[in-house]
Each structure stands twice: as structure tokens, then as C-alpha cells.
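# Chain and residue survey
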Amino acid sequence: MSESLSARSRLVAAALERAGITGEIVVLPAAAHTAVLAAEALGVEVGAIANSLVFWSDGEPLLVMTSGAHRVDTAALATRLGRGGIRRATPEQVLAATGQPIGGVAPTGHPAPLTTIVDEDLAAYPRIWAAGGTPQTVFPLTFDELVRLTGGTVAPVA
């Protein structure tokens, strides 16, 4: 684990190591607050970016790992999950739930495990990229590793 990483990214790197995921955190030359910017920086399709989106549902955070190629249909997802509703979390809720800022939320390294949904469309990519705890850090992994890392439920989210 590189000591040059931020404290947030070191927490993510430690969680990856504990999970046996060998993809290392990469520091991008500039912050990539969106899937499009991350894809451009990495030279990959935007669909291969695993966006970590935090929502609020039934009084608790819900992490949705979605392909950067599309948006989450919150009404359809709430129905699929049997929830009362799903709305975007506020920046304060995101930080409290994950310890990470919007634009850099990783699928791991949070203060406590989050209920997670993993977009089934990410399975189409042999390698996907997720944020590493800051808007300037990312790491590669496979779809199966993402599901295992998050303990997430695979589902359509669009």
C-alpha cells in the first residue's frame, strides 16, 4: 500500500487487500468527478466505470454500483427491491455513510457495510474501474470481485 495515497484511499487499499483483490489504486492526473471524465482519463468505455451512487431509502443509505453508461431508475429500483422510495443522498449523508466525498465514493472502505446493489450491466466488461475514495483515485477489478467485495445484490438498475 502506497503511503503517498490519501488517508481515505489507504482505507480503500487496505479493504481491497483484505478481500484479496489485486488491482492497485491509480492516482489520476486530475480529479474525475464523473464517469465520463474517469473513462476519458483511463482510455476506457464509459460503461466500464462502476459509478458508486449513494441513495437514501427507508431511512438508510443504499449504495448502487452502476455502469457509467446509464442512469439509475430509482422508481423501478424501489419497486424491484420492495422499498418505499429511493432518493439521492445529500452530500452530508454520503460523507457520513461512506467517509468519502461525492465523486470519489469507493465500493468499500466505509465506516460500516452498506446495503449495495450492483448493476448487472457491469458484467459485460472484463475489467471495470471504481473510485478509490477520492475523485482523483480509481482501481480496476472484475465484476465478480465487485460483487464479492460489496456483498451486493446483482440487479438491473436502469
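Each remark here, short or long, concerns the structure printed above.
Now for a description of the structure that goes with this document. (Residues numbered from 1 in each chain as written. Predicted model: local features only at pLDDT ≥ 70, side-chain atom pairs only at ≥ 80, totals over all residues. Heavy atoms only, no water.)

Below, the discussion takes up the pattern of salt bridges. In a structure, side chains of opposite charge can pair up when their charged atoms sit close to one another. Overall, the coordinates contain one salt bridge when judged by the stated rule. For Glu-60, the salt bridge identified is with Arg-83, shortest N-O distance 3.2 Å. Here Glu-60, found in strand S3 (residues 60–67), pairs with Arg-83, found in the loop between helix H3 (74–81) and strand S4 (87–88); they are 23 residues apart in sequence, far enough to count as distant. (Salt bridge = Lys/Arg side-chain N within 4 Å of Asp/Glu carboxyl O. Helix = DSSP H or I, 4+ residues; strand = E, 2+ residues; numbered from the N terminus.)

Let us look at the nonpolar core. Core analysis: the largest hydrophobic core is formed by 25 residues, its most contacted members being Leu-16, Ile-25, Ala-50, Leu-122, Phe-139, Leu-141 and Leu-146. Only helix H1 (7–18), strand S2 (49–57), S3, helix H4 (91–98), strand S6 (128–131), strand S7 (137–141) and helix H5 (143–150) provide two or more residues apiece to this core. Those residues within four positions of Phe-139 in sequence are excluded, and the remaining contacts are Val-12, Leu-16, Gly-23, Glu-24, Ile-25, Pro-107, Ile-128, Trp-129, Ala-130, Ala-131, Gly-132 and Leu-149. In terms of nonpolar packing, the next biggest core, distinct from the first, is built from eleven residues, Val-72, Leu-77, Ala-78 and Ala-155 among them. (Core = buried A, V, L, I, M, F, W, Y, C linked by side-chain atoms within 4.5 Å. Buried < 20%, exposed > 50% of the residue type's maximum accessible area, 1.4 Å probe, protein only. Contact = heavy atoms within 4.5 Å.)

Turning to the layout of surface pockets, a few remarks are in order. Counted as a void, the largest pocket has a volume near 620 Å³. Mapped onto the lining of the largest pocket, the elements with two or more residues apiece are helix H2 (35–42), S2, S6 and S7. Of all the elements, S2 adds the most residues to the lining of the largest pocket, at seven residues. Across the lining of the largest pocket, the residue classes break down as 20 nonpolar, eleven polar and two charged. (1 Å grid on protein atoms, 1.4 Å probe; cavity = no way out; pocket = protein on both sides within 12 Å on 5 of 7 lines; lining within 4 Å. Points joined across faces, edges and corners; volume = space filled by probe spheres on them. Nonpolar A, V, L, I, M, F, W, Y, C, P; charged D, E, K, R; others polar.)

A few words now on H1. Given a rise of 1.5 Å per residue, twelve residues ought to cover 16 Å, and the 17 Å separating the end C-alpha atoms of H1 matches this to within 8%. The complete set of buried residues in H1 reads Ser-9, Val-12, Ala-13, Ala-15 and Leu-16. What you see down the axis of H1 is that its buried residues fit within an arc of 160°, all on one side. Away from the buried face of H1 by more than 90 degrees, exposed residues Leu-11, Glu-17 and Arg-18 are located. At its buried positions, H1 is contacted by S7 and H5. Following H1 by one or two positions, Gly-20 adopts a phi angle in the positive range, close to 75°. (Expected span 1.5 Å × (residues − 1). Arc of directions from axis to C-beta.)

One non-glycine residue, Asp-58, lies in positive phi territory at about 50°. Topologically, Asp-58 is positioned in the loop between S2 and S3.

Our next topic: the side chain of Thr-98. Structurally, Thr-98 can be placed in helix H4. Since its relative accessible area comes to 1%, Thr-98 is described here as buried. Engagement of the side chain of Thr-98 in a polar contact is seen with the backbone oxygen of Val-94, the distance being 2.7 Å. A distance of 2.9 Å separates a polar atom in the side chain of Thr-98 from the backbone nitrogen of Gln-100. What Thr-98 contacts, discounting residues up to four positions off in sequence, is Val-54, Val-105, Gly-109, His-110, Pro-111 and Leu-114. (Polar contact = N/O pair within 3.5 Å; in protein donor to acceptor, adjacent residues only side chain to side chain.)

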